[in-house]
Amino acid sequence: MSIQVKNLKHVYSEGMPFESVALDDVSFEINDGEFVGIIGHTGSGKSTLVQHFNGLLKPKSGAIMISGVDITNPATSMRDIRKKIGLVFQYPEYQLFEETVKQDVAFGPLNLGLDKEEVEVRVKEAIELVGLDYEEVAERSPFDLSGGQKRRVAIAGVIAMKPEVLILDEPTAGLDPKAHKELFEVIKKIHKEQSSILILVSHNMQDIANLADKILVMEKGRLAMSGSPREVFARREELTAIGLSVPPIAELLYQLRDKGFQINPDVLSMDEAVEELVKRL
Ligand code: ADP
Ligand code: MG
């Protein structure tokens, strides 16, 4: 599995007074097994970009090749694409609608045409993979669950389709710290156990630093930077200029350095920061 995005352009409300170019000449590649983080200020085009991956949005120009198949070609079967690519929207819990958790998670796999027994197995596996107790939640109404639990049910509904590529658009937005941490672990586990490519849109630089192999930085519809977390977070000034930041722990070391301490602020985790501080103090 690999993805190539070539010169992608997307225009909303083309020819209308509110016409807006949401993506402009965006090109990059994602290799098999990669965990890709997408960051960018609100309105920079992140959600527009990821909705192209499963054909929900069509570009004005450019191409998206998934394992060599151009999914922007009208002749390509979207049914096959949607089997491979799972997309979890921002605030997916608003899209829960069935009477029970079990039915909600089963909706996607049933749509794939899988038989009932297979669907039951997948529903149970998916609910457990997102860290919920199947026996406890299966027959409950999704609307009676906490915010964090609802979010996990919505994610379970997509991973029950076993997509090779899983895209999560700001999955931890609005969650409390405990639910955030739990979901972070779930995402790590999904990438390890199920989806070979994972694409995570997030404002949380620490999560991105910890998880991503590659970061794409969006700014005003363009790809402003891409590279490993170390490469991208070394460009603190450029990130700040476009309303982004480095992980908080790196920011702390940058500020110490700016106050005159002989310190290398190029750290991605608490462990690296402690090591650097111990070395210098
Ligand atoms: P992000 O996810 O990074 O916050 P979006 O992809 O949602 O950014 O939006 C990119 C740009 O496209 C913004 O200027 C936004 O206002 C515009 N936009 C997004 N969705 C629509 C839409 N359905 N119709 C018109 N403009 C849109
Ligand atoms: Mg968005």
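This text goes with the structure placed above it.
None of the values given here were measured: they were computed from a predicted structure. (Residues numbered from 1 in each chain as written. Chains lettered and ligands numbered in written order. Predicted model: local features only at pLDDT ≥ 70, side-chain atom pairs only at ≥ 80, totals over all residues. Heavy atoms only, no water.)

What follows is about the nonpolar core. Within soluble globular proteins, side chains that are nonpolar tend to cluster in buried spots. Among the nonpolar cores identified, the biggest contains 58 residues, and Val105, Val217 and Phe233 are the most heavily contacted of them. Beyond its immediate sequence surroundings of up to four residues, Val105 is in contact with Val123, Ala126, Ile127, Val153, Ala156, Gly157 and Ala160. Formed by 27 residues, the second largest nonpolar core is a distinct cluster that contains Leu8, Ile71, Ile81 and Ile197. (Core = buried A, V, L, I, M, F, W, Y, C linked by side-chain atoms within 4.5 Å. Buried < 20%, exposed > 50% of the residue type's maximum accessible area, 1.4 Å probe, protein only. Contact = heavy atoms within 4.5 Å.)

Turning next to the sheet that holds strand β5 (residues 69-70). The strand order across the open sheet formed by four strands is β2-β1-β4-β5, and the pairing between neighbours is antiparallel. Each edge of the sheet is formed by a strand with only one pairing partner; in this case those strands are β2 (20-30) and β5. The pairing of strand β1 (residues 3-12) with β2 spans seven bridges and is classified as antiparallel. Counted as the bridge partner of Gln4 is Glu29 from β2. (Pairing = 2+ DSSP bridges. Helix = DSSP H or I, 4+ residues; strand = E, 2+ residues; numbered from the N terminus.)

The next subject is the coordination of the magnesium ion (ligand 2). The protein atoms that coordinate the magnesium ion (ligand 2) are Ser47 (OG) and Gln90 (OE1), at distances of 2.1 to 2.4 Å. Placement of Ser47 in helix α1 (residues 46-53) and of Gln90 in the loop between β6 (85-88) and α3 (101-111) is noted, with a sequence separation of 43 residues between them. Here Gln90 falls in the partly exposed class, since its relative accessible area comes to 33%. (Donors = N, O, S within 2.8 Å, 3.2 Å for Na, K, Ca; no water.)

Here we come to the packing of α3 against helix α6 (residues 147-159). Between α3 and α6, whose axes approach to 7 Å, the crossing angle comes to 30°. When the axis of α3 is compared with that of α6, the two are roughly parallel. Crossing hand, α3 versus α6: right-handed. Only Val153, Ala156 and Gly157 of α6 make contact with α3, whose side of the interface consists of Val101, Val105 and Pro109. Partitioned by chemical class, the residues of the contact of α3 with α6 number five nonpolar, one polar and no charged. (Axes fitted to C-alpha atoms, helices over the stretch in contact; angles between N-to-C directions. Parallel < 35°, antiparallel > 145°, perpendicular 65-115°, else oblique. Left-handed = near helix turned anticlockwise from the far one by under 90°. Nonpolar A, V, L, I, M, F, W, Y, C, P; charged D, E, K, R; others polar.)

The strand order β6-β7-β8-β3-β9-β10 describes an open sheet built from six strands, whose pairing is mixed. Whereas interior strands pair on both sides, the edge strands pair on one side only; in this sheet they are β6 and β10 (222-227). The average undirected angle you get between the axes of adjacent strands in this sheet is 15°. Sheet contacts for α6: β6 and β7 (165-169); angle to β6, the most-contacted strand, approximately 165°. Each of β3 (35-40), β7 and β8 (197-201) is contacted by helix α7 (residues 177-193), which is oriented at about 155° to β8, the strand it contacts most.

Residues in contact with ligand 1, as listed here, are Tyr12, Ser20, Ala22, His41, Thr42, Gly43, Ser44, Gly45, Lys46, Ser47 and Thr48. Here an oxygen atom of ligand 1 and a backbone polar atom of Gly45 are 3.1 Å apart. A distance of 2.5 Å is found between an oxygen atom of ligand 1 and a side-chain nitrogen or oxygen belonging to Thr48. For ligand 1, whose unbound accessible area comes to 560 Å², protein coverage reaches 59%. At the level of secondary structure, the elements contributing two or more residues to the shell around ligand 1 comprise β2 and α1. Broken down by element, the shell around ligand 1 gets its largest block of residues, three residues, from α1. (Near = heavy atom within 4 Å. Polar contact = N/O pair within 3.5 Å; in protein donor to acceptor, adjacent residues only side chain to side chain. Areas by Shrake-Rupley, 256 points an atom, 1.4 Å probe, with all protein chains shown as cover.)

By themselves, these are just geometric observations and shouldn't be taken as functional.
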